Amino acid sequence: MMSRCHWYSIRNRLVDRRMKRLLTILTLLACCLVLYADKTASKPMSDIEKESLARWQKIVDLKNSSQTEKLAEEATIQMEWFSKQGEWDNYYRTWQLKANALSAMGKLKMALQETQQMLNDAKERDNKLGRAMAYKQIGVIYLNMKQTEPAVEALKHYAELMKDEADDFSSLSNIYYRIAKAYDYDKAYDQELRETNEWVKYLREKVGKVESPEVRECYNSCYLARAAAYIGMKKYADAKEALDTASHHVHLVKTSLSLHHYYKMQARYNLALGDAAKALLYTDSVKIVTNEKDDHTDDVRAQALMMLGQGLEAAKIYHRLYHERDSVYGQETRAHLDELNTLFKVDELKADQQRQRIRYTMLATLSVVLILLLLGFFGWFSAIKQKKVNEQLRIANEKVESSSKMKLEFMKNISHEIRTPLNVVSGFTQILTAEGIDVSESDKKEYRERITENTDRITRMVDRLLLLSDLHSDTLIGSDDQTSVHEIVAQAIEFSEIAKHTRPVNEDSSVVFENHEPDTQIPVRTNIRHAFRSLAQLFENAMKFTKEGSIKLFVEDSDTMVRFIVEDTGIGVPAKEAEHIFDEFVQLDTFADGAGVGLTVCRSINRRMGGNLWLDTNYSQGARFVLEIKKG
């Protein structure tokens, strides 16, 4: 019988052998793994792969620095190289960024054409990434058009195709960003927040807390989307916390793209808080770091300007946004999208198309109604306009009739004004020249004075008629006479003979003439003949309509003008006739002497010399005329 110790010895030896075999097998497996890993790790990148990566990185850098126009140009060059070298992944990624850049530049038609070509090319090559990039771009275009439902649908198609691509976390993160943006446009803030929660979860599982710029860009976009959701939900404390987290990433990365999105969200946050000035500053910052078209930032800027009371600047922005958005929905753009919908097989949206048709039908109906209303309005407007024309014709006819009557009255007055002094002149001349009539020297003197007086009266009348013939001329009258205010007043007094017909010179007169011109000499450069005759006309008018009281002259001097103010205590002029009296042939008192042309001629002449003549309606004790003469 085998002893127990011997049995234990045999068992231990068997175990040792088995353990040695197991260790040998594990060692061999380990060596194989190490050799495979070394072989894999040590496999160098080819020169083409290195250059492909470098060229792609150049495109990414242009995108991150928001050099949109440069990106569109550079993409065409790099796509040609990628195509020749068979680098199809970078080829389609670059193509998508080119189409996106064109869309950001407002060249929507070109962006649609590029997207369509990209899809056809990817289908011919049976390239999954190419088709995915086409889905992504159509989602971007729909999103730019605020068509959120088809945008989300297209973006989810992209995500489904790319979910198994282990190394493309950045592209999938970008899809989360755009889906969240779509919910933001719809103001579906709860859904937007849920999307960002899924986004954060995806990033933490996929990349964790890797401190690379690319990862920070993704986290920055995610927390900015969370801030947008919280702003929409009016949870401003949570929004600030999300913005602070985004700020931590964006200020470490400092790319134009990350700063662009961060400043844009800060502008929106401050606008929501009511700090319009700060919101406006952040929109300025957006414009500084990027040249991309961003109608959302412009909308925030317009709202901030409205809050600051700068409505005109805000209106300009809204006007431009209206035309840009209207162009996005143009017929040609819609046709391209319809064609892309067919190619993408995203057109399960028949219900939406039906709604569009209903809207177009309603729009057509409204257009017809609007046209009918416009026709009715123009008919009404034409009737009103015709009525105004008829009224103007009626007034013109009345003026013609009135003018004809005034001309008839004028002819009568002229006949009277000329016949009366002619009769006097003729009568006294016959007496003086008749034979056999003995006339004393004193009577002869009186007759001669009466003849001279009436001859002067006829001469003045003829002078006014000659001036009246040039009444409507626009030709300026030369003012080259160097004179003074005192000289103009003196000649006007002499020419009108006002001193002979008023006190204190004429003791029998019941009217006093008061000359209040200043003692100092005031030089004037004018046409002295027209100047003193205009003032004399005012004296004559005052004498004609003032039977008792006073006639006063005042002079006011300024840098460029001299005003002669003649006021009397006569019958005065009603305020409503203040301008009418300056019309041709107008006489308010039909029994008064004169032809009704004196004031008309005076005003016309003085205006052509750079002065004026008007009636001061504030004076109520008679009449006050103001003659303004330019000093030269």
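Residues numbered from 1 in each chain as written. Predicted model: local features only at pLDDT ≥ 70, side-chain atom pairs only at ≥ 80, totals over all residues. Heavy atoms only, no water.

### Details of the pairing of strand S6 (residues 612-615)
Of the two faces of S6, the one lined by Leu613 and Leu615 is fully buried and the one lined by Asn612 and Trp614 carries no buried residue. Bridge count for S6 against strand S7 (residues 623-630) is four bridges, and the pairing is antiparallel. Residue pairing for S7: Leu615 is matched across the bridge by Phe625. (Buried < 20%, exposed > 50% of the residue type's maximum accessible area, 1.4 Å probe, protein only. Helix = DSSP H or I, 4+ residues; strand = E, 2+ residues; numbered from the N terminus. Pairing = 2+ DSSP bridges.)

### Quick notes on the nonpolar core
Tyr92, Tyr158, Trp199, Leu203, Leu243, Tyr263 and Met265 are the most contacted members of the largest nonpolar core, which totals 78 residues. At twelve residues, the largest contribution of residues to this core is made by helix H10 (residues 213-232). The contacts of Leu203, once residues within four sequence positions are left out, are Ser173, Gly208, Cys218, Tyr219 and Cys222. The next biggest cluster of nonpolar side chains, apart from the first, holds 36 residues, and it includes Ile528, Phe539, Ala578 and Leu613. (Core = buried A, V, L, I, M, F, W, Y, C linked by side-chain atoms within 4.5 Å. Contact = heavy atoms within 4.5 Å.)

### What to know about the packing of helix H8 (residues 169-185) against helix H9 (residues 189-206)
Between H8 and H9, the shortest axis-to-axis distance is 8 Å and the interhelical angle comes to 170°. Classified by the interaxial angle, the pair formed by H8 and H9 is roughly antiparallel. Residue-level inspection shows Phe169, Leu172, Ser173, Tyr176, Tyr177, Ile179, Ala180, Tyr183 and Asp184 of H8 in contact with H9, the latter providing Tyr189, Gln191, Glu192, Glu195, Glu198, Trp199, Tyr202, Leu203 and Lys206. Residue composition of the contact of H8 with H9, grouped by class: eleven nonpolar, two polar and five charged. (Axes fitted to C-alpha atoms, helices over the stretch in contact; angles between N-to-C directions. Parallel < 35°, antiparallel > 145°, perpendicular 65-115°, else oblique. Nonpolar A, V, L, I, M, F, W, Y, C, P; charged D, E, K, R; others polar.)

### Observations regarding unusual backbone geometry
Arg503 connects to Pro504 through a cis peptide bond whose omega is 10°. One non-glycine residue with positive phi stands out, namely Lys187, at about 60°. Phi is positive for Lys234, close to 65°, though the residue is something other than glycine. Position of Lys234 relative to the elements: it lies in the loop between H10 and helix H11 (236-253). Judged by its relative accessible area of 60%, Lys234 falls in the exposed class.

### Observations regarding a nonpolar patch on the surface
A cluster of nonpolar side chains, Leu370, Leu374, Phe377, Phe378, Trp380, Phe381 and Ile384, forms an exposed patch at the surface whose accessible area comes to about 700 Å². Tracing the backbone through its elements, the reader meets Leu374 in helix H17 (residues 350-433). For Leu374, a relative accessible area of 38% gives the class partly exposed. (Patch = residues over 30% accessible without salt bridge, like charges linked within 9 Å, V, L, I, M, F, W, Y side chains within 5 Å. Areas by Shrake-Rupley, 256 points an atom, 1.4 Å probe, with all protein chains shown as cover. Salt bridge = Lys/Arg side-chain N within 4 Å of Asp/Glu carboxyl O.)

### A look at the sheet that holds strand S4 (residues 549-557)
Whenever strands of a sheet pair, they do so through backbone hydrogen bonds, lying parallel or antiparallel. Spatially, S2-S4-S5-S7-S6 is the arrangement adopted by the five strands of the open sheet, whose pairing is mixed. At either end of the open sheet lies a strand with only one pairing partner, and these are strand S2 (511-516) and S6. When the angles between neighbouring strand axes are averaged without regard to direction, this sheet yields 15°. Pairing of S4 with strand S5 (residues 561-568), which is carried by seven bridges, proceeds in the antiparallel orientation. Paired with Leu553 across the bridge in S5 is Val566.

### Considering the pairing of S4
Here S2 runs beside S4; their pairing, made up of six bridges, is parallel. Counted as the bridge partner of Phe513 is Ile551 from S4. Hairpin connection, S4 to S5: the antiparallel pair is bridged by three residues.

### Side note on the packing of aromatic side chains
Evaluation of the coordinates by the stated rule reveals 14 aromatic pairs. Note on Tyr91 and Trp95: the rings are 5.4 Å apart at their centroids and 70° apart in plane angle, and the pair reads as edge-to-face. Of this pair, Tyr91 and Trp95 both sit in helix H4 (residues 88-104), four residues apart, which is roughly one turn of that helix. Centroid distance Tyr176 to Tyr202: 5.5 Å. Interplanar angle 40°. Geometry classified as tilted. You can see Tyr176 sitting in helix H8 and its partner Tyr202 sitting in helix H9, a full 26 residues away along the chain. Chaining the aromatic ring pairs together yields one cluster made of Trp88, Tyr91, Tyr92 and Trp95. (Phe/Tyr/Trp six-rings, centres within 6.5 Å; stacked < 30°, edge-to-face > 60°.)

### Observations regarding H4
In a regular helix each residue adds 1.5 Å, so 17 residues correspond to 24 Å; H4 covers 24 Å between its end C-alpha atoms and thus fits that length. For H4, a buried count of 15 out of 17 residues is recorded, marking the element as mostly surrounded by other parts of the structure. Positive backbone phi, at 85°, marks Gly106, one or two positions downstream of H4. (Expected span 1.5 Å × (residues − 1).)

### Some remarks on the pattern of salt bridges
Evaluation of the coordinates by the stated rule reveals 17 salt bridges. We note a salt bridge from Arg131 to Asp126, for which the minimum N-O separation is 3.4 Å. Look at the salt bridges and you will find they share partners, linking Glu567, Asp616 and Arg624 into a network.

### Considerations on the environment of Asn612
Looking at the element boundaries, Asn612 is found in strand S6. Taking the C-alpha atoms as reference points, Asn612 and Ile629, 17 residues apart in sequence, are found 6.9 Å from one another. Beyond its immediate chain neighbours, meaning those up to four positions away, Asn612 contacts Arg603, Asn606, Arg607, Val626, Leu627 and Glu628. At 2.9 Å, the side chain of Asn612 forms a polar contact with the side chain of Arg607. (Polar contact = N/O pair within 3.5 Å; in protein donor to acceptor, adjacent residues only side chain to side chain.)

### Quick notes on the environment of Thr283
Looking at the element boundaries, Thr283 is found in helix H13 (residues 276-289). Counting along the chain gives 18 residues from Thr283 to Arg301, while the straight-line C-alpha distance between them is 6.2 Å. Apart from the residues lying within four places of it in its own chain, the contact partners of Thr283 are Ala267, Thr297, Val300 and Arg301. Here the side chain of Thr283 touches Leu280 through a polar contact of 2.6 Å, landing on its backbone oxygen.

### Regarding helix H19 (residues 485-496)
With twelve residues, H19 should cover 16 Å at 1.5 Å per step; its first-to-last C-alpha distance of 16 Å lies within 8% of that length. Along H19, the residues that are buried comprise Val485, Ile488, Val489, Ala492, Ile493 and Ser496. Buried residues of H19, seen end-on, are gathered within an arc of 130° and therefore sit on one face of the element. In the core, the buried residues of H19 are packed alongside strand S1 (481-484), S2, strand S3 (523-526), helix H20 (528-545), S4 and S5. Just beyond H19, the residue with positive phi is Glu497, at close to 60°. (Arc of directions from axis to C-beta.)

By themselves, these figures tell us nothing about what the structure is for.
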